[in-house]
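Here is how the chains run, residue by residue.
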Amino acid sequence: MLHIGCHLSSSKGFAAMGRQALELGADTFQFFTRNPRGSRAKELDTADAASLLALLGENHFAPIVAHAPYTLNLCGATAENRRFAQETMADDLRRLEHLPGQYYNFHPGSHVGQGTAEGVRLIARALNLLLTPDQATTVLLETMAGKGSEVGGRFEELREILDQVELDGKMGVCLDTCHVSDAGYDIIHDLDGVLTEFDKVLGLGRLKAIHLNDSKNPRGSHKDRHACLGEGTIGLEALARIVRHPALRDLPFCLETPNDLDGYRREIALMRELAERK
Ligand code: FE
Ligand code: FE
Ligand code: ZN
């Protein structure tokens, strides 16, 4: 069965998100670890985390995805900037140990003129300071649209990061369908070709989660504007082929479409239906 959910607000706590997910027909979800500006997160309520963990187990959820603030930049231009990003990630990873076995997804970063190679080096250096052999969370690099100086618009750039990370067994990749299309990969007409490329460069075993989004812009636009499913340039048929693909169908799929909760409920139901259809 397809594992699918959506991005949820964490403002009412962990267990509340689990109940919200169930109500939407979801069996996975994503949430921001703190507000996108990256301010301090509330102290973690361990009873609340334990109650979410029980709910996930009882309802056979796929792993859930904690998303780092999108402003976090491990390869920022100033040491101050990079230290802040690193401390934020360290704090997130420490807190996630109360939800063992889940995913922590982040945008690799923007090299802001330092060049991709230097960006890759700074990202890997930070990860080498952050990852620990006994952590229970897998850290995911998100595939990016290649907007501005973003690192991670090409699979090869993610490969270079992984090659420089010592504890790369703690690392995986999250593929965002809007981002890869905006980056230039043709998931509409050549999904198999893109997955073959992913496998060759990164290994399909690295692929741990999918962000299922349509895109407001054409392939190769390097824009990163998400559209509701079926209302963008990727389209429902291509998205259905993605959720039905044998190499992908056991992964958690998270919607990050511009929707309210009712819209998410409808998209989850629609994709479940399309996944079953032959
Ligand atoms: Fe993201
Ligand atoms: Fe995404
Ligand atoms: Zn995006």
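The rules behind the values
- Residues numbered from 1 in each chain as written.
- Chains lettered and ligands numbered in written order.
- Predicted model: local features only at pLDDT ≥ 70, side-chain atom pairs only at ≥ 80, totals over all residues.
- Heavy atoms only, no water.
- Buried < 20%, exposed > 50% of the residue type's maximum accessible area, 1.4 Å probe, protein only.
- Helix = DSSP H or I, 4+ residues; strand = E, 2+ residues; numbered from the N terminus.
- Pairing = 2+ DSSP bridges.
- Lys, Arg positive; Asp, Glu negative; His and termini not counted.
- Salt bridge = Lys/Arg side-chain N within 4 Å of Asp/Glu carboxyl O.
- Polar contact = N/O pair within 3.5 Å; in protein donor to acceptor, adjacent residues only side chain to side chain.
- Contact = heavy atoms within 4.5 Å.
- pLDDT = per-residue confidence, 0-100.

What follows covers the pairing of strand 8 (residues 171–176). A large share of strand 8 lies buried, amounting to six of its six residues. Alternating positions in strand 8 separate into two faces, Met171, Val173 and Leu175 on one and Gly172, Cys174 and Asp176 on the other, with burial throughout. In terms of strand pairing, strand 6 (residues 138–142) meets strand 8 through four bridges, oriented parallel. The residue of strand 8 that forms the bridge with Val139 is Met171.

Further remarks concern the side chain of Glu150. Mapping Glu150 onto the fold places it in strand 7 (residues 150–151). Of the side chains bearing the opposite charge, Lys147 lies closest to the buried Glu150, which forms no salt bridge; the N-O distance is 4.6 Å. In terms of polar contacts, Glu150 uses its side chain to reach the backbone amide nitrogen of Ala145, at 3.5 Å. Those residues within four positions of Glu150 in sequence are excluded, and the remaining contacts are Gly109, Ser110, Met144, Ala145 and Glu157.

Attention now moves to the confidence of the model for the protein chain. Confidence in the prediction for the protein chain averages 96 pLDDT; 98% of positions are at 70 or higher. No element of the protein chain has a lower mean pLDDT than helix 3 (residues 79–96), at 96, and none a higher one than strand 6, at 99.

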